[in-house]
Amino acid sequence: MADQLDVAALGAWVQEFARSVAEHKDELTTLDSAIGDADHGANMDRGMSAAVAALAEKPPVDPAALLKQVGMTLVSKVGGASGPLYGTFFLRMAGALGPDPADPETFARAVRAGLEGVVARGKAEPGDKTMLDALVPACDALDAALADGRPLGDALQAAAEAARTGRDATTPLVARKGRASYLGERSAGHQDPGATSTALLFDAAVTALGGR
């Protein structure tokens, strides 16, 4: 059925995110070298490559199992803050999904659950110059578009646009959380790498899920 996100669709999303992370690995590392540990690109690439390999080795039986497997892989394979945060995002998404294919509203609730997990884990809020500056507006845009009756593809496009806008808005901010916060005022003028990879996550959703 159209707009039903089954295990194959969500697997395609994960694979597209992994591909995009690999493509932008150097960019993410360059951004992180300015205000972090210069490892965000390498860590995310390693984690997503491991997640895709794990899915191929042991194909999950349903959407919840797939996202749980991705989350567990990221937590175990990725260092720094990104592993626990992205791992928690996918684990909380998994917890909000059942064994059946998800309709758009269920998918959006799962994304919101992932966001809440990131908030609980990272103790950050919008404006702190973190991945939340892209993730929060993306979730809000996704919910609003679906509430307006727009199809999933349009809603994901709105979410991706909001994520990119949020990403760009991190540049002038002074970081209040994470490694970048140690720099104080010197963190201003640099785009946040976590918000950048979050924008890639929603761009990947448009590519993999938007045509359904």
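Q: Describe in detail the overall build of the protein chain, supporting the description with residues and values.
A: A tally of regular secondary structure across the protein chain gives 9 helices and 0 strands. Along the protein chain, from the amino end to the carboxyl end, the secondary structure elements read α-α-α-α-α-α-α-α-α. Computed over C-alpha atoms, the radius of gyration of the protein chain comes to 16 Å, within 12% of the 17 Å expected from 2.2 N^0.38 for 212 residues, which places it in the range of a compact globule. Overall, the protein chain is about 50 × 40 × 30 Å in size when its C-alpha atoms are taken along their principal axes. For the protein chain, the proportion of its 212 residues judged to be buried stands at 53%.

Q: I'd love a proper account of the side chain of Gln 69, names of residues and values included.
A: Tracing the chain through its elements places Gln 69 in helix H4 (residues 63-77). At a separation of 3.3 Å, a polar atom in the side chain of Gln 69 contacts the main-chain carbonyl oxygen of Lys 58. Setting aside residues no more than four positions away along its own chain, Gln 69 makes contact with Ala 54, Leu 55, Lys 58 and Pro 60.

Q: Break down the confidence of the model for the protein chain for me, citing the residues and quoting the values.
A: On average, residues of the protein chain score 91 in pLDDT, and 93% of them reach the 70 mark or higher. Taking the mean pLDDT of every element in the protein chain, the minimum, 87, falls on helix H2 (residues 25-35) and the maximum, 98, on helix H7 (residues 132-147).

Q: Mind laying out unusual backbone geometry, listing which residues take part and the relevant values?
A: Even without a glycine there, the phi angle at Lys 123 is positive, about 55°. One non-glycine residue, Lys 129, lies in the positive phi region at around 70°. Looking at the secondary structure, you find Lys 129 in the loop between helix H6 (104-122) and H7.

Q: Please give an account of helix H8 (residues 152-169) that cites residues and values.
A: Helix length check: H8, at 18 residues, gives a terminal C-alpha distance of 26 Å against a target of 26 Å (1.5 Å per residue), a fit within 8%. Summarising the contacts, the buried residues of H8 are in contact with H6, H7 and helix H9 (193-209).

Conventions used here
- Residues numbered from 1 in each chain as written.
- Predicted model: local features only at pLDDT ≥ 70, side-chain atom pairs only at ≥ 80, totals over all residues.
- Heavy atoms only, no water.
- Helix = DSSP H or I, 4+ residues; strand = E, 2+ residues; numbered from the N terminus.
- Rg over C-alpha atoms; globule rule 2.2 N^0.38 Å.
- Buried < 20%, exposed > 50% of the residue type's maximum accessible area, 1.4 Å probe, protein only.
- Polar contact = N/O pair within 3.5 Å; in protein donor to acceptor, adjacent residues only side chain to side chain.
- Contact = heavy atoms within 4.5 Å.
- pLDDT = per-residue confidence, 0-100.
- Expected span 1.5 Å × (residues − 1).

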